[in-house]
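Listed here are the chains, written in short residue letters.
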Amino acid sequence: MLNFLIFGPPGSGKGTQSVHLAEKFNLLHLSTGDMLRAEIISGSELGKRVKGLMEKGELVPDSVVIEMIAHKIDSEKMKSGFLYDGFPRTVEQAVALEEMLGRRGMKISAMLALDVDHDELVRRLMGRGAVSGRPDDQDIKVIENRIEVYRSKTEPLADHFRKRGIYRPVNGMGSVEDIFERLCMVVETN
Ligand code: ADP
């Protein structure tokens with residue numbers, strides 16, 4: 001089983017590219033952001049617990065997302081592997097994922113890391129907010145906080161996976177098609 005991580009700041013295009021990659025390489029796309037938003041819409045206890053944090057652009061507790069991912073890994077048998085989008089986002093989540101996969105005889109194949117300029121991130125997120133209605137994409141303060149949370153808590157993961165020899169940086173500027181081609185090259189040469 002393949003296990004790819006797609007990595008990068010909010011607005012770097014992880015979600016968009018994940019949909020295309022999952023289809024082309026027969027991977028199950030696991031987006032913790034989508035799973036959490038589904039919990040909020042369903043009105044579950046979990047959804048109520050995470051709503052405020054997400055609206056402020058803060059991370060939800062590690063234990064919540066680790067448990068959600070663990071359930072999904074065991075539920076899927078029909079695919080060639082998994083594409084993790086927006087997870088792991090902290091070193092603790094990364095270690096938990098490595099342990100989860102290790103217990104099942106699997107490992108992380110590669111981290112596909114999208115590089116995008118700060119101004120381009122803000123531009124894309126504001127654009128998305130105008131059409132999607134996502135509250136965390138509509139307020140410049142929340143957007144800047146998410147980028148800040150990313151820099152302080154998530155970016156250190158790049159070093160963690162660089163040390164493992166599986167960090168693969170990809171230029172995330174340009175058209176969706178061009179970026180997709182760059183990502184495919186990395187996946188195919190993995
Ligand atoms: P983006 O990458 O554009 O910020 P996501 O949909 O990946 O969008 O995440 C939206 C929000 O969901 C985050 O700001 C955070 O509050 C929460 N979230 C998603 N994934 C995680 C995670 N792995 N750990 C903690 N919080 C998460």
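All of these numbers come straight from a predicted model, not from anything done at the bench.

Undergrad: Whenever I open this one, helix H7 (residues 140–154) confuses me. Can you help?
TA: Along an α-helix, a turn takes 3.6 residues, which lines up residues three or four apart on a common side. Between its first and last C-alpha atoms H7 spans 20 Å; for 15 residues at 1.5 Å apiece the expected length is 21 Å, and the two agree. Taken residue by residue, H7 has Val-142, Ile-143, Arg-146, Ile-147, Val-149, Tyr-150 and Thr-154 as its buried positions. Along H7, the residues classed as buried sweep out an arc of 160° about the axis, all on the same side. Those residues of H7 hidden inside the fold are in contact with strand S1 (2–7), helix H3 (45–56), helix H6 (118–132) and helix H8 (156–163). Two to three positions downstream of the cap, the backbone nitrogen of Lys-141 sits 2.8 Å from a side-chain oxygen, assigning the N-cap of H7 to Asp-139.

Undergrad: Would you mind showing me how to read the pattern of salt bridges here?
TA: Two side chains that carry opposite charge are able to pair once their charged atoms sit near each other. On inspection of all chains with the given rule, the structure shows 15 salt bridges. Notably, a salt bridge pairs Lys-51 with Glu-55, separated by 3.1 Å at the nearest N-O pair. Taken together, the residues span about one helical turn, with Lys-51 and Glu-55 both in helix H3 at a distance of four residues. Glu-55 gets classed as partly exposed once you look at its relative accessible area, which sits at 35%. By sharing partners, the salt bridges in this structure join Arg-128, Arg-134, Asp-136, Asp-137 and Arg-146 into a single network.

Undergrad: I'm lost on the site of the ligand in this one. Help?
TA: Around the ligand sit 19 residues, and of these Thr-32, Arg-37, Glu-58, Gly-86 and Gln-93 come closest. Between a nitrogen atom of the ligand and a side-chain N or O atom of Thr-32, the distance comes to 2.8 Å. Backbone polar atom of Glu-58 to an oxygen atom of the ligand: 2.6 Å apart, as the coordinates give it. Protein contacts shield 96% of the accessible area of the ligand, which totals 550 Å² for the unbound molecule. Broken down by element, the residue count for the shell around the ligand peaks at four residues, all from helix H2 (residues 32–42).

What counts and what doesn't
Residues numbered from 1 in each chain as written. Predicted model: local features only at pLDDT ≥ 70, side-chain atom pairs only at ≥ 80, totals over all residues. Heavy atoms only, no water. Helix = DSSP H or I, 4+ residues; strand = E, 2+ residues; numbered from the N terminus. Expected span 1.5 Å × (residues − 1). Buried < 20%, exposed > 50% of the residue type's maximum accessible area, 1.4 Å probe, protein only. Arc of directions from axis to C-beta. Contact = heavy atoms within 4.5 Å. Polar contact = N/O pair within 3.5 Å; in protein donor to acceptor, adjacent residues only side chain to side chain. Salt bridge = Lys/Arg side-chain N within 4 Å of Asp/Glu carboxyl O. Near = heavy atom within 4 Å. Areas by Shrake-Rupley, 256 points an atom, 1.4 Å probe, with all protein chains shown as cover.

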